[in-house]
Amino acid sequence: EAQVTQNPRYLITVTGKKLTVTCSQNMNHEYMSWYRQDPGLGLRQIYYSMNVEVTDKGDVPEGYKVSRKEKRNFPLILESPSPNQTSLYFCASSLSGRSASGANVLTFGAGSRLTVL
Amino acid sequence: GEDVEQSLFLSVREGDSSVINCTYTDSSSTYLYWYKQEPGAGLQLLTYIFSNMDMKQDQRLTVLLNKKDKHLSLRIADTQTGDSAIYFCAEKLSNYQLIWGAGTKLIIKP
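So, here's what we can say about the structure. (Residues numbered from 1 in each chain as written. Chains lettered and ligands numbered in written order. Predicted model: local features only at pLDDT ≥ 70, side-chain atom pairs only at ≥ 80, totals over all residues. Heavy atoms only, no water.)

Moving on to the overall build of chain B. A tally of helices and strands in chain B yields 0 helices and 11 strands. Listed N to C, the secondary structure of chain B is β-β-β-β-β-β-β-β-β-β-β in terms of helices and strands. In terms of overall dimensions, chain B is globule-like: its C-alpha atoms have a radius of gyration of 13 Å, near the 13 Å expected for 110 residues. Its C-alpha atoms give chain B principal-axis dimensions of roughly 40 × 30 × 20 Å. Counting every position in chain B, which comprises 110 residues, the buried fraction comes to 45%. Sequence separation of at least 24 residues holds for 53% of the intrachain contacts in chain B that already meet a minimum separation of 6. In chain B, 11 positive and 13 negative side-chain charges are present, and the distance between their average locations comes to 3 Å. (Helix = DSSP H or I, 4+ residues; strand = E, 2+ residues; numbered from the N terminus. Rg over C-alpha atoms; globule rule 2.2 N^0.38 Å. Buried < 20%, exposed > 50% of the residue type's maximum accessible area, 1.4 Å probe, protein only. Contact = heavy atoms within 4.5 Å. Lys, Arg positive; Asp, Glu negative; His and termini not counted. Charge placed at Lys NZ, Arg CZ, Asp CG, Glu CD.)

As structure tokens, then:
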């Protein structure tokens, strides 16, 4: 089944304790992206990756890191989490940022709910 | 700057039509999307429309685009309890970025 898999789905942690949220897709997609969803704010992009070893900042990158060493994986790293990073996080992928149809349809993971105390 | 705006809530009776509205601000040719988020799940694409189209219909869903007013709407005919979800409008800003609305929570009354 074509899908984007995120882990963990739920996590409660404490301020300053480094954590990684993994994201993996099995569709050979070039483009991957991380979003956070907060009530009343919709989705805000954290980082995105156009292909292996190519990443760029989104709208809210502060406090986050990413890497894209392999095409299928795009982990999100919080080096020193703070309470304002409590949120619902989504990973998404699409075939290519330069797809022939131009529509760039995203496939989303089920989400990771993170609470930082 | 670019912004996508939606109402946060919409309440309709089961069997009625739901109309979810969205306004966008970018004036260039672009794609506009509707995604659906069911409780506890990720977002799934419902439909999309290119900005040179006025309307797109797919079974119970009708998308209307008013380019002059930069207004996009999603009509769901014969709304069912399974349509309860948050509906997000999004606009393609570049090959790598979308602008998202805050999402409209559709509440179905029996």
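Take empty space enclosed by the protein next. A complete count under the given rule lists 1 cavity of 30 Å³ or more for this structure. Size it by volume and the largest cavity reaches roughly 70 Å³. Along the walls of the largest cavity sit A:Tyr31, A:Tyr35, A:Ser94, A:Asn104, A:Leu106, B:Lys92, B:Ser94, B:Asn95, B:Tyr96, B:Gln97 and B:Leu98, which together make up its complete lining. Listing elements by their share of the lining of the largest cavity, those giving two or more residues are β4 (31-38) of chain A together with β9 (85-94) and β10 (97-100) of chain B. Here the lining of the largest cavity is built from residues that sort into 5 nonpolar, 5 polar and 1 charged. (1 Å grid on protein atoms, 1.4 Å probe; cavity = no way out; pocket = protein on both sides within 12 Å on 5 of 7 lines; lining within 4 Å. Points joined across faces, edges and corners; volume = space filled by probe spheres on them. Nonpolar A, V, L, I, M, F, W, Y, C, P; charged D, E, K, R; others polar.)

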